[in-house]
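Secondary and tertiary structure notes
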Amino acid sequence: MIGHRGEDFKNLYRAIHPRLQTLFGTKQPVFLSTSSAWGVMEASIRNLADRGVLCCMCGAFSDKWFDVAKRCGKEAEPLQVDWGQHIDPAAVDRQLATGKFDTVTLIHNETSTGVMNPLEEICSVLTKYPDVALVVDTVSSFSAVKIEVDALGIDVMLTGVQKALALPPGFSLFSVSEKGFERAKGIRNRGFYFDFLEFKKEQANWMTPSTPSIAHIHALQSKLEEIFEEGLDARFARHAHTNALVHDWVHSAGFDFFAEEGFRSKTLTCVKNNKGIDVLEFARKLREKHHLVIDPGYGKIRGQTFRLSNMGDETEETVSHLLACIDDVM
Ligand SMILES: *Cc1c(COP(=O)(O)O)cnc(C)c1O
């Protein structure tokens, strides 16, 4: 293990940083957080929210973020749609026009429902409100589809490493805009562990505020090698292709989609159990017979849905194999 205050660590952080900036589409620093994504999701609230938080809610993770904002003692209001529906940019616009909010939370890819929200359209609404900070969670879409932080004007973009990056859990990445840093300066009680200004100060010297999980950073370096060897466009195309394979299977097997048309995720598919199969039994058999694990639906839609992932390291071969095994068990 290398020491986190020595030259070896600085060289490691310095070496991975340009590629992280490329993946984020930003010239801002990219920070390394030794926490799961929720650490940074909570941190964004604590660093940015002063007057009011508008929480765009369309599934388990985005719904929970509203609860987290309130637990941080902030004024928060829900912009709730039914699970399976997307966040309507016009509704965001109407809410922001009230002037009540200075922060918006948005989950780009709602992993529980398989909805991918229209990020560009929502970001373009935000350009009308320069005093509002936008926090975007890309935990299950990061690096699978193109997301350009600076061009879109995103103030905090965050991702965990165990989903779209297919690394072991317990580590996160995030970027903060100049507007985000300026806002944080005026916010009291930011704490220490997740203080954005501490991250900024330390990153300038290729360090982190507290001892980072160095093993994760080595794993990340290795993953970045793979990602850039494949090429970003090829990586995006691979996800689009494997996603289309799953979609074709859903049609041919006579199932339906839980997410509404036009807003379906490119990295996972939430299949609606319109055929009334015993999803838990099906998932159990798939595991026992083929050693493949799928999720039998998240929270309140357990059993009414099941989810098939094509994110991270999945390829045409692995996804085709999964679908063939599913057919076998069906
Ligand atoms: C999994 C997930 C999270 C939470 O990640 P943790 O690793 O549990 O902190 C947040 N947002 C989305 C969209 C997720 O899929």
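Refer to the preceding data block for the structure.
Structure report, in brief. (Residues numbered from 1 in each chain as written. Predicted model: local features only at pLDDT ≥ 70, side-chain atom pairs only at ≥ 80, totals over all residues. Heavy atoms only, no water.)

Here we look at the overall build of the protein chain
What counts is decided by this rule: A helix here means a DSSP run of H or I that spans at least four residues, while a strand means a run of E at least two residues long, and both kinds are numbered starting from the N terminus. As defined in this context, the radius of gyration uses C-alpha atoms, and a globule is described by 2.2 Å times the residue total to the power 0.38. We call a residue buried when its accessible area falls under 20% of the maximum for its residue type, exposed when it is over 50%, and partly exposed in between, using a 1.4 Å probe and counting protein chains only. We call two residues in contact whenever any of their non-hydrogen atoms come within 4.5 Å of each other. Methods summary: accessible areas were calculated by the Shrake-Rupley approach with a probe of 1.4 Å, and residue burial reflects only the protein chains presented.
If you tally the helices and strands in the protein chain, you get 12 helices and 12 strands. Against the globule reference of 20 Å for 330 residues, the protein chain gives a C-alpha radius of gyration of 20 Å, in line with a compact fold. With respect to the three principal axes, the spread of C-alpha positions in the protein chain is 55 × 50 × 30 Å. Residue burial in the protein chain is summarised as follows: out of 330 residues, 57% are buried. By sequence separation, contacts in the protein chain at least 24 residues apart represent 69% of the contacts at least 6 residues apart. A total accessible area of about 13900 Å² is found for the protein chain, and carbon and sulfur atoms account for 50% of it.

Some words on the environment of Ala144
Its place among the elements puts Ala144 in the loop between strand E7 (133–137) and helix H6 (149–152). For Ala144, a relative accessible area of 1% corresponds to the buried category. Residues Ala144 and Lys266 lie 122 residues apart in sequence; the distance between their C-alpha atoms is 7.7 Å.

Quick look at the site of the ligand
Which entries qualify depends on this criterion: In this text, near means that some heavy atom of the residue lies within 4 Å of the molecule or strand in question. Any pair of N or O atoms that falls within 3.5 Å is considered a polar contact. Within protein, one atom must be able to donate a hydrogen and the other to accept it, and sequence-neighbouring residues count only if both atoms are side-chain atoms. Put simply, Ala, Val, Leu, Ile, Met, Phe, Trp, Tyr, Cys and Pro go in the nonpolar bin, Asp, Glu, Lys and Arg in the charged bin, and everything else, Gly too, in the polar bin.
Neighbouring the ligand are the residues Ser36, Ala37, Trp38, Met41, Phe61, Ile107, Asn109, Thr111, Asp137, Val139, Gln162 and Lys163. Within the backbone of Ala37, a nitrogen or oxygen atom sits 3.1 Å from an oxygen atom of the ligand. Protein chains shield 89% of the accessible area of the ligand, which is 390 Å² for the free molecule. Residues that form the shell around the ligand fall into these classes: 6 nonpolar, 4 polar and 2 charged.

A few points about empty space enclosed by the protein
For clarity, the threshold we go by: Buriedness of a pocket was judged along seven lines, with at least five required to meet protein on both sides within 12 Å; pockets are open sets of points on a 1 Å grid over the protein atoms alone, cavities are sets where a 1.4 Å probe fits but cannot get out, and lining residues have an atom within 4 Å of a point. Grid points are joined across faces, edges and corners, and a volume is the space filled by probe spheres set on the points.
Here the structure, examined in full by the defined rule, presents 2 cavities of 30 Å³ or more. Of the volumes computed, that of the largest cavity is approximately 60 Å³. Looking at the largest cavity, the residues that line it are Leu32, Ser33, Thr34, Tyr193, Phe194, Phe199, Thr208, Pro209, Ser210, Thr211 and Pro212. When its residues are assigned to classes, the lining of the largest cavity shows 6 nonpolar, 5 polar and no charged. Taken as a whole, the second largest cavity holds about 40 Å³ of empty space. In this structure, the second largest cavity is lined by Thr113, Gly114, His247, Phe257, Phe258, Ala259, Arg264, Ser265, Leu268, Thr269 and Cys270. The residue makeup of the lining of the second largest cavity, split by class, is 5 nonpolar, 5 polar and 1 charged.

Comments concerning the sheet that holds strand E3 (residues 76–80)
Defined as follows: Two strands pair if DSSP finds at least two bridges between them. Structural elements are reduced to axes, namely lines fitted to C-alpha atoms, with helices fitted over the stretch in contact, and the angle between N-to-C directions of any two is expressed from 0 to 180 degrees.
Across the sheet, which stays open at both edges, the 7 strands sit in the order E1-E9-E8-E7-E4-E2-E3 with mixed pairing between neighbours. Each having just a single partner strand, strand E1 (30–33) and E3 make up the two edges of the open sheet. Neighbour-to-neighbour, the strand axes of the sheet open up by a mean angle of 20°, direction not taken into account. Both strand E2 (residues 53–57) and E3 contribute to a ladder of 5 bridges, which runs parallel. Each residue of the ladder has a partner; that of Cys55, found in E3, is Pro78.

Concerning the side chain of Arg238
Note that Arg238 resides in helix H10 (residues 232–252). A distance of 2.6 Å separates the side chain of Arg238 from the side chain of Glu230, its partner in a polar contact. The residues contacting Arg238, other than those within four sequence positions of it, are Glu230, Gly312, Asp313, Glu314 and Thr315.

Here's the deal with the sheet that holds strand E11 (residues 268–272)
Strands sit in the order E10-E11-E12 across an open sheet of 3 strands; the sheet is antiparallel. The sheet is open, and its two borders are formed by strand E10 (256–257) and strand E12 (305–309), each paired with just one other strand. Where E10 and E11 come together, 2 bridges link them in antiparallel fashion. Paired with Asp256 across the strands is Lys272, a residue of E11. In this fold H10 packs onto E10, E11 and E12, with an angle of close to 10° to the strand it touches most, E11.

The analysis is restricted to geometry; functional conclusions fall outside its scope.
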